[in-house]
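As a plain string of letters, each chain reads:
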Amino acid sequence: MVAVAILAAGKGSRMKSDLPKVLHPLGGMTLIERVLNTLGGLSPERTLIIVGHGAERVTSTLAGRPGLEFVHQAPLLGTGHAVQQLMPRLEGYRGDLLVLNGDVPLLRPATLHALVTQHQQAGNAVTLLTACLADATGYGRVFCDAHNRVEGIIEHRDCTPEQRHNPRVNAGIYCFHWPRLAEVLPRLQSQNQQQEYYLTDVMQWLRPAAAVDVADSAEILGINDRKQLADAAEVVQSRVREGWLTAGVTLIDPASITIDETVHLEPDIVIEPQTHLRGQTQIQRGSHIGPGCWIEDSHIGPDCRVLYAVVSQSRLARGSRVGPYAHLREGVEVGDNCRVGNFVELKKTSLGSHTNVAHLSYLGDASLGSQVNVGGGTITANYDGHQKHPTRIGDRSKTGVNNTLVAPLTVGCDVTIAAGSTITEDLPDDCLAIARSRQVIKSGWRPRYLAADGASVNTVPTQPSL
Ligand code: UD1
Ligand code: CA
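Reading the values: the criteria
Residues numbered from 1 in each chain as written. Chains lettered and ligands numbered in written order. Predicted model: local features only at pLDDT ≥ 70, side-chain atom pairs only at ≥ 80, totals over all residues. Heavy atoms only, no water. Donors = N, O, S within 2.8 Å, 3.2 Å for Na, K, Ca; no water. Helix = DSSP H or I, 4+ residues; strand = E, 2+ residues; numbered from the N terminus. Buried < 20%, exposed > 50% of the residue type's maximum accessible area, 1.4 Å probe, protein only. Near = heavy atom within 4 Å. Polar contact = N/O pair within 3.5 Å; in protein donor to acceptor, adjacent residues only side chain to side chain. Areas by Shrake-Rupley, 256 points an atom, 1.4 Å probe, with all protein chains shown as cover. Domains from an automatic or database assignment. Buried area = accessible area lost by both parts, 1.4 Å probe. Salt bridge = Lys/Arg side-chain N within 4 Å of Asp/Glu carboxyl O. Nonpolar A, V, L, I, M, F, W, Y, C, P; charged D, E, K, R; others polar. Phe/Tyr/Trp six-rings, centres within 6.5 Å; stacked < 30°, edge-to-face > 60°. Lys NZ or Arg CZ within 6 Å of the ring centre and 35° of its normal.

With respect to the coordination of the calcium ion (ligand 2)
Piece 1. The protein atoms that coordinate the calcium ion (ligand 2) are Asp103 (OD) and Asn224 (OD1), at distances of 2.2 to 2.3 Å. Placement of aspartate 103 in the loop between strand E6 (96-101) and helix H4 (109-122) and of asparagine 224 in the loop between strand E11 (209-213) and helix H6 (226-246) is noted, with a sequence separation of 121 residues between them.
Piece 2. By relative accessible area, aspartate 103 is classed as buried at 12%.
Piece 3. When its relative accessible area of 16% is taken as the criterion, asparagine 224 is described as buried.

Laid out in structure tokens, this is it:
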């Protein structure tokens with residue numbers, strides 16, 4: 001029987017941020033969400049989250065997750081004080097309590113599982129996760145006797161210079177037998193460098209207390225400042241890249257590529273340098289992405305080619321080509337085998353199959369059929385200053401170079417629009433539309449103009465100096 005408590009009330013002053021520390025994102029998820037995700041296999045009986053600083057933002061971020069109990073801590077008097085807030089909630093509870101620091105986001109579920117199992121098999125009062133670090137600065141040091149039983153934890157700030165040489169650190173992850181912890185919690189004092197009630201001080205009263213070293217010390221990295229957040233991001237990225245390389249994805253210059261953990265890729269995809277895949281992005285087999293792409297919350301079908309492009313909240317079907325220098329904003333649906341080319345911006349626009357928007361266009365709130373060819377420089381005038389209006393273009397139609405399509409507008413199927421036209425009225429199927437002033441040619445115009453101006457007809461006008 002295990003309940004879980006996550007300590008997430010702290011201010012996180014060293015982050016120097018308006019955002020509560022546990023809400024800082026790391027690889028596509030906030031720190032607190034990561035901690036929650038490590039609970040996967042444990043199926044805890046209860047999950048309590050201690051909130052304080054920015055409590056409302058923390059609770060609203062986690063609103064979609066059922067079964068969480070929020071416990072308020074105020075004022076914030078330290079990690080021991082945070083756990084004391086659980087006493088009324090857990091009155092009468094006889095099982096174990098897994099306590100996790102909300103700012104330790106890289107734990108693997110298997111590590112937590114092993115911690116709980118060892119704790120329960122040994123019947124300990126407390127079992128805590130430890131690691132030996134080359135640079136243990138900032139962490140509490142764990143002191144053990146000759147039989148590897150924990151005698152106590154001393155915070156970095158409270159250590160003597162000799163004690164700081166101990167490389168064994170407290171990860172901030174503990175499994176307690178709750179009734180025994182509840183018994184000693186009221187004894188905590190705050191006579192230390194930070195004048196706080198330290199949870200770590202309970203170790204002196206709990207026996208047996210065991211320490212379990214984690215195999216990969218990167219797992220216990222605590223996030224107190226931006227440098228540690230950046231270090232953690234590097235750990236996440238190297239885990240993610242390794243995972244995709246093993247799964248059959250080619251990464252060219254992996255160090256220059258970032259992929260959120262929430263992204264899903266299929267085998268035989270090639271990702272070129274300086275490509276960043278974010279959020280709920282999915283990419284299907286055979287697609288070739290980058291160099292230089294930002295793809296966020298988007299679905300890229302099989303065999304697509306995306307080059308130097310920004311794609312957000314959009315979908316590409318099979319075999320489409322996007323870029324270089326294209327921007328697909330939210331709500332774009334590109335059909336099979338389309339081409340979205342250089343300097344093209346699309347917003348809330350759908351393209352049927354084999355439709356091309358190859359050069360210098362903006363299409364907003366538009367739906368295009370199949371085999372449409374959009375001439376270079378075609379722009380939808382979709383906004384009248386108050387409202388957005390739709391544009392529809394039927395199958396096999398062809399807009400001309402530099403067309404302005406003033407919405408709301410419906411262009412039928414098999415329509416051709418002349419270059420330079422501004423189209424303000426709907427066009428029926430199967431027509432040619434020309435909406436521009438006729439060209440006028442006036443022969444011998446320059447001599448007559450000069451004569452009218454009083455200059456000699458034969459005078460060659462002087463070039464203005466450049
Ligand atoms: C803590 C441990 C330290 C350990 C390190 C591991 C203590 C006293 N020290 O130090 O031994 O090596 O974590 O990363 O526990 N929190 C609250 N309420 C509070 C104070 C903090 O909920 O009043 C939460 C914070 O939001 C954070 C966690 O507790 O998620 C740890 O607090 P933090 O101040 O970061 O402790 P450290 O100094 O890192
Ligand atoms: Ca910390």
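Further notes follow.
Some words on the site of ligand 1
Piece 1. Taken together, 24 residues surround ligand 1, and among them Gly10, Gln73, Thr79, Glu155 and Asn170 come closest.
Piece 2. Glycine 10 places a main-chain nitrogen or oxygen 2.8 Å from an oxygen atom of ligand 1.
Piece 3. Calculation on ligand 1 without its partners gives an accessible area of 760 Å², and the protein chains cover 92% of this total.
Piece 4. The set of elements that each furnish at least two residues to the shell around ligand 1 consists of strand E1 (2-8), helix H3 (79-84) and strand E10 (168-177).

A look at the domain arrangement of the protein chain
Piece 1. Split by domain assignment, the protein chain resolves into domain 1 (2-220) and domain 2 (226-433).
Piece 2. Here domain 1 and domain 2 have C-alpha centroids that lie 45 Å from each other.
Piece 3. Of all residues in domain 1, the largest losses of buried area upon contact with domain 2 belong to Met15, Leu26 and Leu106, amounting jointly to 38% of the total for that side.
Piece 4. At the boundary of domain 1 with domain 2, the tally comes to one salt bridge.
Piece 5. The partner of glutamate 261 in a salt bridge is arginine 34, with the nearest N and O atoms 2.9 Å apart.
Piece 6. At the level of secondary structure, the elements contributing two or more residues to the side of domain 1 that touches domain 2 comprise strand E2 (25-26) and helix H1 (31-37).
Piece 7. Residue composition of the side of domain 1 that touches domain 2, by class: eight nonpolar, four polar and four charged.

Here's the deal with the packing of aromatic side chains
Piece 1. In the structure shown here, the tally under the stated rule is four aromatic pairs.
Piece 2. Judged by centre distance (5.6 Å) and plane angle (20°), the ring pair of tyrosine 308 and tyrosine 325 falls under stacked. Here tyrosine 308 is found in the loop between strand E21 (305-306) and strand E22 (309-312), whereas its partner tyrosine 325 is found in the loop between strand E24 (321-322) and strand E25 (326-328), with 17 residues between them in sequence.
Piece 3. Grouping aromatic residues by their ring pairs yields a cluster made of Tyr308, Tyr325 and Phe343.
Piece 4. In this structure, lysine 388 packs its charged tip against the face of tyrosine 383, placed 5.1 Å from the ring centre.

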